[in-house]
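Analysis of the macromolecular model
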There are 2 protein chains.
Amino acid sequence: MTAAADHPFVAELIDRHQETLAGALAAAASRDYWSPYPEFPKAYGETGLDDGKAAFDALLGSPFAIDGQPSDGEHVGGETSPYGPVLGVTYPHAEPQQLITAMQAAQPAWAAAGPAARAAVSLEILARINARSHEFAHAVMHTTGQAYGMAFQAGGPHAQDRGLEAVAYAYAEQTRLPGKASWTKPQGKRDPLSMVKEFTAVPRGLALLIGCNTFPTWNGYPGLFASFATGNPVLVKPHPRATLPLALTVRIAREVLTEAGFDPNLVCLAAEHEGSTVAATLAVRPEIRIIDYTGSTSFGDWLETNARQAQVYTEKAGVNTVVIDSTDNYRGMLGNLAFSLSLYSGQMCTTPQNLLIPRTGVRTDEGSKTYDEVVADLAAAISGLLADDAKASAILGAVVNPGVLQRTVAAASGEYGDLALAPRVVTSTEYPAAVIRTPALVKADSDKPDDRAAFLEECFGPITFAVAVESPEAAVELLRRTVKEQGAMTAAAYTISEEVEAALVDACLDAGVSLSLNLTGGVFANQTAAFSDLHGTGANPAANSAYCDGAFVASRFRSVEVRRHN
Amino acid sequence: MTAAADHPFVAELIDRHQETLAGALAAAASRDYWSPYPEFPKAYGETGLDDGKAAFDALLGSPFAIDGQPSDGEHVGGETSPYGPVLGVTYPHAEPQQLITAMQAAQPAWAAAGPAARAAVSLEILARINARSHEFAHAVMHTTGQAYGMAFQAGGPHAQDRGLEAVAYAYAEQTRLPGKASWTKPQGKRDPLSMVKEFTAVPRGLALLIGCNTFPTWNGYPGLFASFATGNPVLVKPHPRATLPLALTVRIAREVLTEAGFDPNLVCLAAEHEGSTVAATLAVRPEIRIIDYTGSTSFGDWLETNARQAQVYTEKAGVNTVVIDSTDNYRGMLGNLAFSLSLYSGQMCTTPQNLLIPRTGVRTDEGSKTYDEVVADLAAAISGLLADDAKASAILGAVVNPGVLQRTVAAASGEYGDLALAPRVVTSTEYPAAVIRTPALVKADSDKPDDRAAFLEECFGPITFAVAVESPEAAVELLRRTVKEQGAMTAAAYTISEEVEAALVDACLDAGVSLSLNLTGGVFANQTAAFSDLHGTGANPAANSAYCDGAFVASRFRSVEVRRHN
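Residues numbered from 1 in each chain as written. Chains lettered and ligands numbered in written order. Predicted model: local features only at pLDDT ≥ 70, side-chain atom pairs only at ≥ 80, totals over all residues. Heavy atoms only, no water.

**A few points about the overall build of chain A**
Along the backbone of chain A there are 18 helices and 19 strands. The C-alpha atoms of chain A give 25 Å as radius of gyration, which agrees with the globular expectation for 566 residues (24 Å, within 12%). For chain A, the share of sequence-separated contacts (at least 6 apart) that also reach a separation of at least 24 residues comes to 76%. Of the accessible surface of chain A, which amounts to about 18,900 Å², a share of 53% is contributed by carbon and sulfur atoms. The positive charge centre, built from 41 side chains, and the negative charge centre, built from 62, are 8 Å apart in chain A. (Helix = DSSP H or I, 4+ residues; strand = E, 2+ residues; numbered from the N terminus. Rg over C-alpha atoms; globule rule 2.2 N^0.38 Å. Contact = heavy atoms within 4.5 Å. Areas by Shrake-Rupley, 256 points an atom, 1.4 Å probe, with all protein chains shown as cover. Lys, Arg positive; Asp, Glu negative; His and termini not counted. Charge placed at Lys NZ, Arg CZ, Asp CG, Glu CD.)

Quick look at the structure:
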């Protein structure tokens, strides 16, 4: 069971992908921009979009075959696009024990393959996923409600980047110890003690990926590939409303594994009916040693409390804050914020929720602005950005599920507070059944207990609170407390004051959230770039881990040593 | 709160210790022999031993002062040397809240100091501990019962090596991300997006070290220095019978911190009366975010279950196995095993407990040996090694506590099974009150349920089971099952068969234990060398972590990013 991948295709894959792996390792160290996966749709060929659409259409209304995966013969699935159409795709169902047995049988050869072979197989899977980015874009669009452009980028190349990043970290971590080392210890006048020591990375066991509704690939690939590249078979349990993108991923992984001479059951799909509780059943199985999860705080906390046999990596709810103290580019700030709040209808775990605006006013290059002026100008910026329904649709996407729609309705009725901007119904000519809403901008006062109760809870979806605070100092303290108590995936601020900036940096380091300062152009608080930005920190209640650092991969395997004299 | 250590002494320390840090990083990567701390007592000067004795004697019978640490005015302590003398040292006592408040106040400056300053301060602490290795040796000897030679090496330079190893890993992990990075993303014909990104390692919070009775420094330094070097204040809760070595450590750490301009309360001592439950009280305090523990499985499991707010690193009980299949150096094997089993009266978490010997016999360079012959020859080797009381004392040390003595008595009375070798009372002329016993060698049969019940539980102390098994294959399977079910810190085997060796390696990789093969000289299964050997794996129930790998340090801090356009 020493590390060796004898299959000629594996050797070919190691060779084929070594440059990409080296590029990823170099980028992760330098943190400069890098990606092997073009983010422009046209990079995928003249007919790429149409081919992807055709491939996606061919999947609809049919059973989705997963050759060789154990099944109880049942098919499940009930995905409906947030844009209207029923997908009609059904997936083979299996009992947990069937899948676990098959995955355990597949594990030894994968454990023995070693880090280089595992990285190469992972990169081949990612390369094939990449080549089908347009097909994935359609699958992501019609399960999450993301607009096509975003579904393509975030669901395609950017998700692939995050997967590759995890593979690179996993490879680096597993190769920190040499495979074989000599040890010679002087013994004075006697002969030295001399040994040969071999180090092998051994996987923890089976890994479980519990996928989310909004970013099945972007939030799924880091955990999936981190576990897989460290030698653990991965059971993919997608969200029942966003199964297709991960089912495609599983099928591609199985194709590559088969071609490379491995058992395809190293990657299996655990499809379920909506309302099933298979995730909870699987999560506490003793064979499951790693869990990656993105979703609600309640189930994330449940996993952390109950899945004691596993390493559990969670990304849960949070409340993201923007402090607006001062700016030398008022228009740029308004435009940047308007886009951040509108993108995918605020349905990103990274979307700012609370804008903290001092009652004492905001210094800008257009003079000092009162709280009311800033709120009105931001409302106007959002309205302007989303004035045209077609353009608005391309930014907003569709409302992902009834829970978000309900909160939008509640916001519109003034339930969260007075509205500076009411949500507007947007109609898509292509998808008339799509539920599309512009953001609600709710006015709030940090001194009012009812307001505080509303804005200090995660209000997932297109609802933003413009919170009046006493002063910039009070804003910084509210940011700090919000992150510590509610958690946050992102924080942002606008300031031209050195003192305020220093206080902000101090608060963010203390509370454990990453900070975007003075974004007025084409970078947004809710976006992070793989190989450069960390996604989350693991240092506040919103997540116990980050994409991607050493801690995200280091505990997915262990090192075992064999030593002997030579 | 950016990383900066302005104190001139800190700059001096960074300079003074950079070569040692570089050496440790290089050794941890190459895994060849290396240490900056000489293991020969004479390397510490002509009068080193006497000076250390005098320094130790000066501590006895007095209150141990810890300047500047909060206290409730009480003094506690009741250490008695396993060699007889009452130490009479008392330590300042404090309420948990007093210590926690003081440590929290000290934290921000340490968090801001950055990885290089923290490594340098850590290395200065280790250098001062190293210079006082003889004093530490006396303190370790008279709290653990280790013989002086072992107390010097394992409690001194080897413990310091493990501390330095943890510092090096912590430094490497915190500097994998650059402090500052540029990011430039091309935008086709438009200007590229350009940002500056700063990454800061932020500590988790307060760390708690729960020390053990047998190896207060060797098992304490990895966690202590890993937490400290990653920015976390450390509260040291020693075992009430082995407080002095860690109290000295705390005092030296506080001296260096004070000289370097930091608050000495970054390292505090939580001394207690024996029978107190302060460890359990501290372990669930919300401020405690990291716990390192060595000791019983029951309290280790309790910590893992209840200290949910903390990262918990545990080393617990295990059952270490040696498979004896065949050897080309029968005398060497017997001598190596005899020493392994005798060293510190088997009171090491790494001491072999079960020797699995096929009933079909053992092929050797002296012909085939039956189970009975191997057992008799091993008994003779142990008796021979320990024939002389003075020499025996220097190997065995003293029995550390009444629990071990009780098991020795039980073994002598045949409670664990028939004896191949009865424990012998050894008398020390220097310390007539010391309780010293040679190992008991108990005969056992793997087919007998009563025998299995006895040898498949940890029997900590000088008790070894010579277990008759059906065949080499059965031995390998019993090794595998023992590790998986009972946990193990070490495994060893003697074989000249390629098939048996392959099966052994396979079983050890599968069960997650490191393997020492065919040790017949001056390396012993129970010893691991820092920078080269891992101590434990974290892959079986005996421990959830290892000294020292990336996983041991990576989760003790988090990375927070601040990004802005440039």
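**What about the environment of Gly45(B)?**
One can find Gly45(B) in the loop between α1 (8-30) and α2 (48-59). Along the sequence, Gly45(B) and Ala131(B) sit 86 residues apart, while their C-alpha atoms lie 9.9 Å from each other.

**Examining the packing of helix α4 (residues 133-144) of chain B against helix α5 (residues 148-155) of chain B**
All names here are of chain B. The N-to-C vectors of α4 and α5 enclose an angle of 120 degrees; their axes lie 8 Å apart at closest approach. Of the two possible hands of crossing, α4 and α5 adopt the one that is right-handed. Contact residues: α4 offers Ser133, His134, Ala137, His138, Val140 and Met141, while α5 offers Tyr148, Ala151, Phe152 and Gly155. Its residues assigned to classes, the contact of α4 with α5 comprises six nonpolar, four polar and no charged. (Axes fitted to C-alpha atoms, helices over the stretch in contact; angles between N-to-C directions. Left-handed = near helix turned anticlockwise from the far one by under 90°. Nonpolar A, V, L, I, M, F, W, Y, C, P; charged D, E, K, R; others polar.)

**Here's the deal with the packing of aromatic side chains**
Describing an aromatic ring pair means giving the distance of the ring centres and the angle of the ring planes. Residues and elements named next belong to chain A. Summed over all chains, the structure comprises 34 aromatic pairs over all chains. On the numbers, 5.0 Å between centres and 55 degrees between planes, the contact of Tyr83 with Tyr431 is tilted. Placement of the pair is Tyr83 in the loop between β1 (75-76) and β2 (91-92) and Tyr431 in the loop between β13 (425-426) and β14 (436-437), with a sequence separation of 348 residues. You'll find Tyr83 and Tyr431 in the same group, each marked buried. (Phe/Tyr/Trp six-rings, centres within 6.5 Å; stacked < 30°, edge-to-face > 60°. Buried < 20%, exposed > 50% of the residue type's maximum accessible area, 1.4 Å probe, protein only.)

**Brief notes about the pattern of salt bridges**
If you walk through the whole model with that rule in mind, you get 58 salt bridges over all chains. Glu272(A) is paired through a salt bridge with Lys237(A); the nearest N and O atoms lie 2.4 Å apart. Of this pair, Glu272(A) sits in the loop between β7 (267-269) and α9 (278-283) while Lys237(A) sits in strand β6 (residues 234-237); the two residues are 35 residues apart in sequence, bridging distant segments of the chain. Judged by relative accessible area, which is 8%, Glu272(A) ranks as buried. Note that Arg564(A) is salt-bridged to Glu501(B), the shortest N-O span being 2.3 Å. One end of the pair, Arg564(A), is in strand β19 (residues 557-565); the other, Glu501(B), is in helix α17 (residues 498-511), on a second chain. Taken together, the shared-partner salt bridges in this structure form one network comprising Glu12(A), Arg16(A), Glu124(A), Arg128(A) and Glu259(A). (Salt bridge = Lys/Arg side-chain N within 4 Å of Asp/Glu carboxyl O.)

**Examining helix α5 (residues 148-155) of chain A**
What sets the pattern is the α-helix's 3.6 residues per turn: residues three or four places apart point alike. Residue and element names in this part refer to chain A. Burial within α5 is extensive, with six of its eight residues counted as buried. Those residues of α5 that fall on the buried side of the exposure criterion are Tyr148, Met150, Ala151, Phe152, Ala154 and Gly155. Tucked into the core, α5 has its buried residues touching α2 (48-59), α4 (133-144) and α6 (157-174).

**Quick notes on the side chain of Ser81(B)**
Residues and elements named next belong to chain B. On the secondary structure map, Ser81 appears in the loop between β1 (75-76) and β2 (91-92). Classification of Ser81 as buried rests on a relative accessible area of 4%. Non-local contacts of Ser81, meaning those with residues more than four positions away in its chain, are made with Leu87 and His142.

**Looking at the side chain of Lys237(A)**
Residues and elements named next belong to chain A. We classify Lys237 as buried; its relative accessible area is 5%. Among the polar contacts made by the side chain of Lys237, one reaches the side chain of Glu272 at a distance of 2.4 Å. Setting aside anything within four residues of it in sequence, one finds Lys237 in contact with Leu208, Leu209, Ile210, Gly211, Ala270, Glu272, Val278, Ala279 and Leu282. (Polar contact = N/O pair within 3.5 Å; in protein donor to acceptor, adjacent residues only side chain to side chain.)

**Looking at the interface of chain A and chain B**
Contacts between the two partners involve 72 residues from chain A and, on the opposite side, 72 residues from chain B. Both sides of the chain A and chain B interface together cover about 5,900 Å² of buried area, and 53% of this is carbon and sulfur. Taken together, chain A and chain B are joined by ten salt bridges. In terms of residues, the side of chain A that touches chain B owes the most to one element, β19(A), which gives eight residues. Partitioned by chemical class, the residues of the side of chain A that touches chain B number 32 nonpolar, 23 polar and 17 charged. Two strands pair when backbone bridges link them, and β19(A) and strand β18 (residues 515-517) of chain B are joined in this way by three bridges, in the parallel orientation. Within β18(B), the position partnered with Arg564(A) by the bridge is Leu517(B). (Buried area = accessible area lost by both parts, 1.4 Å probe. Pairing = 2+ DSSP bridges.)

**Some thoughts on the sheet that holds strand β17 (residues 491-494) of chain B**
Overall, mixed pairing links the ten strands, which are arranged β3(A)-β4(A)-β19(A)-β18(B)-β17(B)-β10(B)-β11(B)-β16(B)-β15(B)-β12(B) in an open sheet. Since the sheet does not close on itself, it has two edges, and those belong to β3 (180-187) of chain A together with β12 (419-421) of chain B, each with one partner. Sheet twist, expressed as the mean angle between neighbouring strand axes with direction ignored, is 25 degrees. For β17(B) and β18(B), the ladder comprises three bridges, and the chain directions are parallel. Paired with Ala491(B) across the strands is Leu515(B), a residue of β18(B).

**Looking at the pairing of β19(A)**
Residue and element names in this part refer to chain A. Among the nine residues in β19, seven count as buried, and that is most of the element. The sheet contact formed by strand β4 (residues 190-203) and β19 spans nine bridges and is antiparallel. Counterpart to Thr200 in the pairing with β19 is Val560.

**So, the pairing of strand β4 (residues 190-203) of chain B**
Two faces, one strand: in a regular strand the side chains alternate between the faces of the sheet. With seven bridges joining them, strand β3 (residues 180-187) of chain B and β4(B) adopt antiparallel strand pairing. Paired with Lys185(B) across the two strands is Leu193(B), which belongs to β4(B).

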